[in-house]
Amino acid sequence: SLSWAGNVDRLYGLAGQQPPASHAAWLLRIHPGDRDRVAQAVRAVSIGGGGFEIEFRVISREGGFRWVKEKGQVFTDEGSTRLVAVDVDVTEARLVADELKRAKLLAEAANLAKTQFLANMSHEIRTPMNGVIGMTSLLLDTELSPEQREFAETVRTSADGLLTVINDILDFSKVEAGKIDLEILDFDLYRILEEAADLLAPQAQDKGLELATSADADVPRLLRGDGGRIRQILVNLIGNAVKFTPEGEVVVRATVAERTSNGLCVRFSVTDTGIGIAPESQVRLFQAFAQADSSMTRRYGGTGLGLAISKKLAQLMGGEIGVDSSPGQGSTFWFTARLQLAVDAGGGQDPQPAKLQDLRVLVVDDNATNRTILERTLASWGMRPQSAAGGAHALHLLRAAVDGNDPYALAVLDLHMPDQDGIELARAIRADQDLADVRLVLLTSVGERDEARRAREAGIEAILNKPVRSTALCATLGSLLAQPAVAEESDAPMSYRPRSTPGASTGTHILVVEDNIVNQKVAVRILESLGHRADVAANGIEAVQALSEIPYQLVVMDCQMPEMDGYEATAEIRRREGTDRRTPIIAMTAGAMPADEARARAAGMDDFLTKPVRREELADVLDRWLRET
């Protein structure tokens, strides 16, 4: 039998009726969908003893139901068994929980729909953008009148601006949806710094700004983490610095903020001599769609998303982001990232030819930051550097070194200096017979072929583009010292390294698989401009057939195509090749989501480029894969 106490009629919806007097009658008041479950729970504790807690629905008089939480305990006393339970009405709490669950499901569905929409939007926009940017770049490589070149440059600048907006919106949406995962891989920190600076070098050069990178000697070169995301933050910070700096310099630095038992915290900073930011405006900088003030957007453009994205990425890497600035005094934007030492942390250092050890080298540059960075770099290779801020001082040091029987072996000259540029200084050095043995290297921000001719005529033997990569500088100095000096009248080619050199990949036969006619033309023309031969297939079926007839050295593969897409085509190519051959296949697609790259690699593709693809990016990828084959 059952005994009741409390407000049972309200709880069970009895409305004045007598409560159930037996266990069977009580079960009849429970919702049919919960009845068996409750009966089994009560039976289990009646046999085994102990307590129980269960939620179930009871039928109300009106035919509805209410939720009850019952907590009970079995007591055995002198051979008899009693079950004592307390029932609590939890209907309102269950309704709230159900509503929250429904809202969560709706939000997840909305997020999924938004993500899919963004992926589709990105693909549809990037496909024509690839044609616009690609064809504009090719147009700028042709002979144009000044007015035509101005129009074409405007088209390219506008397209680049539109692409930046698209990338920011897509990235911000991924961050907000929690769709960004970090890739934990070994990476070269020095290379990341230099690549980020290289991307912004043209804009800095257009404004006459010095752009330099530096890493403290105690910062390991090889680390483990997401190097791509570090590069992304750096590009955003450097881009802002260049945008808001009318004159002067932008300097990128990496220092060790903290060392831990299994890694370190690296602090990255970007310091400029720009307009600066008022304290009251700094608090809004890292908020989405916000800039220092509304006039910034009108004057400088931008979505106001870059710093918000950078903040999220820094936090994902266990770090933080901030700014130190005063109006008119420039700014330093910084962020930290917690990284591990690479598996092969002992490798990856710059090659240090024995020929560089203990050699005197003179750095001539009017920019103090550049002088300091170059001196530190050269000293780390065992050289004995000294610097001069201009031509007159440089000539004095060179002549004094000869008089002291400790001459300089090398002089690294900046091209753009106020009183005497690097080529004029080179002529003055070559005019002095006592300085004939000094080997000359020119640093330039322009890199035009006419400039190379003038430099050669002045007796300069190598040219490097700024910002200078330490690996390129080290290799150039080592190579230069291993060769005999080039006579002034010689026509021998100089060691000239423009930013977009195709390198070892020149002259290969490549298959372009692309269904869009405009993008076919863009890809073929870019490849031809890099010195390659290119054939075209319009879909995966044609690509598979073409590779069965011609042994192409590399394939550039679009992913979304009719009849047979790039994923299916790659899988079929890999199946046919077996273990005897592996043709490098580079995905070149408008899909910009992480899942797109993962799917491409899973299908057997070797590398991944997102449209619109720039000539320099394609050249780097080709150089990497064709050099390995």
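Going by the structure above, here's the rest.
Here the structure is a predicted model, which is why all the values come from computation and not from measurement. (Residues numbered from 1 in each chain as written. Predicted model: local features only at pLDDT ≥ 70, side-chain atom pairs only at ≥ 80, totals over all residues. Heavy atoms only, no water.)

## Digging into the packing of helix α12 (residues 391-403) against helix α13 (residues 422-430)
- Running from N to C, α12 and α13 point in directions that differ by 30°, and their axes come no closer than 10 Å. Between α12 and α13, the crossing angle belongs to the class labelled roughly parallel. When you trace α12 past α13, the crossing you get is right-handed. Along the contact surface, α12 presents G391, A394, L395 and L398, while α13 presents L425, A428 and I429.
- Its residues placed into classes, the contact of α12 with α13 shows 6 nonpolar, 1 polar and no charged. (Axes fitted to C-alpha atoms, helices over the stretch in contact; angles between N-to-C directions. Helix = DSSP H or I, 4+ residues; strand = E, 2+ residues; numbered from the N terminus. Parallel < 35°, antiparallel > 145°, perpendicular 65-115°, else oblique. Left-handed = near helix turned anticlockwise from the far one by under 90°. Contact = heavy atoms within 4.5 Å. Nonpolar A, V, L, I, M, F, W, Y, C, P; charged D, E, K, R; others polar.)

## Some thoughts on the sheet that holds strand β17 (residues 509-513)
- An order of β18-β17-β19-β20-β21 is seen for the 5 strands of this open sheet, with the pairing classed as parallel. With one partner strand each, in any of the chains shown, β18 (533-537) and β21 (607-610) form the two edges of the open sheet. Neighbour to neighbour, the strand axes of the sheet diverge by 20° on average, direction disregarded.
- Relative to strand β20 (residues 585-589), strand β19 (residues 554-557) runs parallel, the two sharing 3 bridges. (Pairing = 2+ DSSP bridges.)

## A short note on the environment of F52
- Following the sequence through the fold, F52 ends up in strand β1 (residues 51-59).
- Overall, the relative accessible area of 10% leaves F52 in the buried class.
- Taking the C-alpha atoms as reference points, F52 and K71, 19 residues apart in sequence, are found 5.8 Å from one another.
- Other than its neighbours up to four places away in sequence, F52 contacts V45, E70, K71, G72, Q73 and L83. (Buried < 20%, exposed > 50% of the residue type's maximum accessible area, 1.4 Å probe, protein only.)

## Some details on the sheet that holds β1
- A sheet is described by the order of its strands in space; here 3 strands give the open sequence β1-β2-β3, paired in antiparallel fashion. At either end of the open sheet lies a strand with only one pairing partner, and these are β1 and β3 (80-89). Strand after strand, the sheet turns through a mean of 30° between neighbouring axes, direction not considered.
- Two elements, strand β2 (residues 65-77) and β3, share 10 bridges in a ladder whose sense is antiparallel. Residue pairing across strands places V68 opposite D89, the latter belonging to β3.
- Across the sheet, helix α3 (residues 32-48) is in contact with β1, β2 and β3; its angle to β1 comes to roughly 155°.

## Observations concerning the packing of aromatic side chains
- Summed over all chains, the structure comprises 1 aromatic pair.
- Ring geometry for F268 versus F335: centroids 4.9 Å apart, planes at 15°, classification stacked. Taken together, the positions of F268 in strand β8 (residues 263-272) and F335 in strand β10 (residues 331-341) put the pair 67 residues apart, joining distant regions of the chain.
- For F268, a relative accessible area of 0% puts it in the buried group.
- In this arrangement the basic side chain of R57 is found over the ring face of F65, its NZ or CZ atom lying 5.4 Å from the centre. (Phe/Tyr/Trp six-rings, centres within 6.5 Å; stacked < 30°, edge-to-face > 60°. Lys NZ or Arg CZ within 6 Å of the ring centre and 35° of its normal.)

## Here's the deal with the pairing of β19
- Along β19, one buried face is formed by L554 and V556 and the opposite face, lined by V555 and M557, is buried too.
- Viewed along the sheet, the connection from β19 through helix α18 (residues 566-577) into β20 turns out right-handed. (Right-handed = clockwise from strand over helix to strand, strands pointing away.)

## Observations concerning α18
- In a regular helix each residue adds 1.5 Å, so 12 residues correspond to 16 Å; α18 covers 16 Å between its end C-alpha atoms and thus fits that length.
- Listed as buried for α18 are G566, Y567, A569, T570, E572, I573, R574 and E577.
- Its side-chain oxygen placed 3.1 Å from the backbone nitrogen of Y567, D565 serves as the N-cap of α18. (Expected span 1.5 Å × (residues − 1). Polar contact = N/O pair within 3.5 Å; in protein donor to acceptor, adjacent residues only side chain to side chain.)

## So, the nonpolar core
- By size, the foremost hydrophobic cluster in this structure holds 43 residues, and its most contacted members are I230, L234, I238, F268 and F335.
- If you list the elements that add at least two residues to this core, you get α6 (189-206), α7 (227-243), β7 (249-260), β8, α10 (306-316), β9 (321-325) and β10.
- Among all residues touching I238, those that are not within four sequence positions of it are A196, A197, L200, L211, V252 and V270.
- Residues L413, A426, L442 and A458 belong to the second largest nonpolar core, which totals 26 residues. (Core = buried A, V, L, I, M, F, W, Y, C linked by side-chain atoms within 4.5 Å.)

## Description of the side chain of N370
- Residue position: N370 is located in helix α11 (residues 368-380).
- If we ignore the near neighbours within four places in the chain, the residues touching N370 are E210, A212, D365 and K466.

## Some thoughts on α13
- All of the buried residues along α13 are G422, I423, L425, A426, I429 and R430. Around the axis of α13, the buried residues are gathered within 155° of arc, so they sit on the same side.
- Its side-chain oxygen placed 3.1 Å from the backbone nitrogen of I423, D421 serves as the N-cap of α13. (Arc of directions from axis to C-beta.)

## Structural notes on the pattern of salt bridges
- Evaluated as defined, the whole model comprises 31 salt bridges.
- Where K611 meets E514, a salt bridge forms, and the shortest distance between an N and an O atom there is 2.6 Å. Taken together, the residues K611 in the loop between β21 and α20 (615-628) and E514 in the loop between β17 and α16 (517-529) connect sequence positions 97 residues apart. Exposure class is identical for K611 and E514. Each is buried.
- In this structure, the salt-bridge partner of D607 is R624, at a minimum N-O distance of 2.7 Å. In this pair, D607 sits in strand β21 while R624 sits in helix α20, placing the two residues 17 residues apart along the sequence.
- Residue classification places R624 among the partly exposed residues on the basis of a relative accessible area of 31%.
- Via salt bridges that share partners, E210, D365, D414 and K466 belong to a single interconnected network. (Salt bridge = Lys/Arg side-chain N within 4 Å of Asp/Glu carboxyl O.)

## With respect to unusual backbone geometry
- Each neighbour pair has its own omega, and for K466 with P467 the value is -5°, a cis peptide bond.
- Among the structural elements, P467 can be located in the loop between β15 (462-465) and α15 (470-482).
- Its identity as a non-glycine residue notwithstanding, D358 has a phi of 65°, on the positive side.

## Observations regarding the side chain of S325
- Locating S325 in the fold gives a position in strand β9.
- Judged by relative accessible area, which is 13%, S325 ranks as buried.
- Among the polar contacts listed, one links the side chain of S325 to the backbone oxygen of G330, at a separation of 3.0 Å.
- For S325, the side chain forms a polar contact with the side chain of S331, separated by 2.7 Å.

Treat this as a map of the structure, not an account of what it does.
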